Structures are given as C-alpha cells and as structure tokens.
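Chains, contacts and geometry: an overview
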Amino acid sequence: MTGLLRGPWGVILILANLLNAYVAYGALATQPQAAWDEQTLTGIEFASALLITLGVITSLLALLPVRQRTLSRWWLAPSLIFLAVGAARWAYIVHTYPQGPGS
C-alpha cells in the first residue's frame, strides 16, 4: 500500500513546493528603489508573509505521509527552507527599511 500512496503525495508536495518557489522568487527578486517606495515594501512584506503561510501549510501537508512512512523525512526540507527564507526576507525588510515617525 505504501507504493500506491507515494505518487499522489509526491505530486501534491511537488506542486505545493513549486508554488512556494514562485512566491519566494517574487519576495526575493523584487527590490525597493529606496525607503520611500512604500508600495514595493508592502508587496515584499506580503509575499514574505504568504511564503511563511505556504511553508507552514506545506510542512503540515508533508508531515502526514512522513509520519506514515509513505515518504522520507527529506520531503519536509523544502517547505521548512521556504519558511525560513520568508521569515528572513521579512525580517531583513523590516530591519533595513524601518517605518519613520511620519509614515
């Protein structure tokens, strides 16, 4: 029965990780022009928050087949990496471009 379940879980997790990669690319490739570029900064923060959320959801999704020993533990790694990337990017943006008193 384990062999029959690998295919669907693998496809679902690959698609989820591809979505994570797309959002991560958007969060990392987008660069604000300066501290005044509030729309871009908000977009980067939103993409980072979305990446964190998707990373948690994908991790929870991967946890079920890993606990059932249908898939190996390595299937948890991409979603946890995307989760860390989203948190790091968000922290970097908040630290580098702090919101001023008049903003």
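Quick notes on the rules
Residues numbered from 1 in each chain as written. Predicted model: local features only at pLDDT ≥ 70, side-chain atom pairs only at ≥ 80, totals over all residues. Heavy atoms only, no water. Helix = DSSP H or I, 4+ residues; strand = E, 2+ residues; numbered from the N terminus. Buried < 20%, exposed > 50% of the residue type's maximum accessible area, 1.4 Å probe, protein only. Contact = heavy atoms within 4.5 Å. pLDDT = per-residue confidence, 0-100. Axes fitted to C-alpha atoms, helices over the stretch in contact; angles between N-to-C directions. Parallel < 35°, antiparallel > 145°, perpendicular 65-115°, else oblique. Left-handed = near helix turned anticlockwise from the far one by under 90°. Nonpolar A, V, L, I, M, F, W, Y, C, P; charged D, E, K, R; others polar.

Right, let's talk about the overall build of the protein for a bit. Each helix and strand in the protein was counted, giving 3 helices and 0 strands. When its helices and strands are written in sequence order, the protein yields α-α-α. C-alpha atoms of the protein, sized along the principal axes, occupy 60 × 20 × 15 Å. Going through the 103 residues of the protein one by one, you find that 30% of them count as buried. For the protein, the share of sequence-separated contacts (at least 6 apart) that also reach a separation of at least 24 residues comes to 74%.

Another aspect to go through is the confidence of the model for the protein. Confidence in the prediction for the protein averages 90 pLDDT; 90% of positions are at 70 or higher. The secondary-structure element of the protein with the lowest mean pLDDT is helix α1 (residues 2–29), recorded at 87, while helix α3 (residues 77–96) shows the highest, at 96.

Along the chain, the position of Ala21 falls in helix α1. Relative accessible area serves as the criterion here: at 31%, Ala21 is assigned to the partly exposed category. In the structure, Ala21 is positioned 19 residues away from Thr40 in sequence and 19 Å away in space, judged by C-alpha atoms.

By the element assignment, Ser59 lies in helix α2 (residues 38–67). Ignoring any residue separated from it by four or fewer positions in sequence, one finds Ser59 in contact with Leu76, Ser79 and Leu80.

On to the environment of Ile14, then. The residue Ile14 is located in helix α1 in this model. Judged by relative accessible area, which is 44%, Ile14 ranks as partly exposed. For the pair Ile14 and Leu28, spaced 14 residues apart in sequence, the C-alpha to C-alpha distance is 21 Å.

At a closest axis distance of 8 Å, the pairing of α2 and α3 adopts a crossing angle of 155°. It follows that α2 is roughly antiparallel to α3 by the angle criterion. Considering how the two elements wind past one another, α2 and α3 form a crossing that is left-handed. Facing Leu41, Ile44, Glu45, Ser48, Ala49, Leu51, Ile52, Gly55, Val56, Thr58 and Ser59 of α2, the residues of α3 in contact are Ser79, Leu80, Phe82, Leu83, Val85, Gly86, Ala87, Arg89, Trp90, Ile93 and Val94. Considering only residue class, the contact of α2 with α3 consists of 14 nonpolar, 6 polar and 2 charged.

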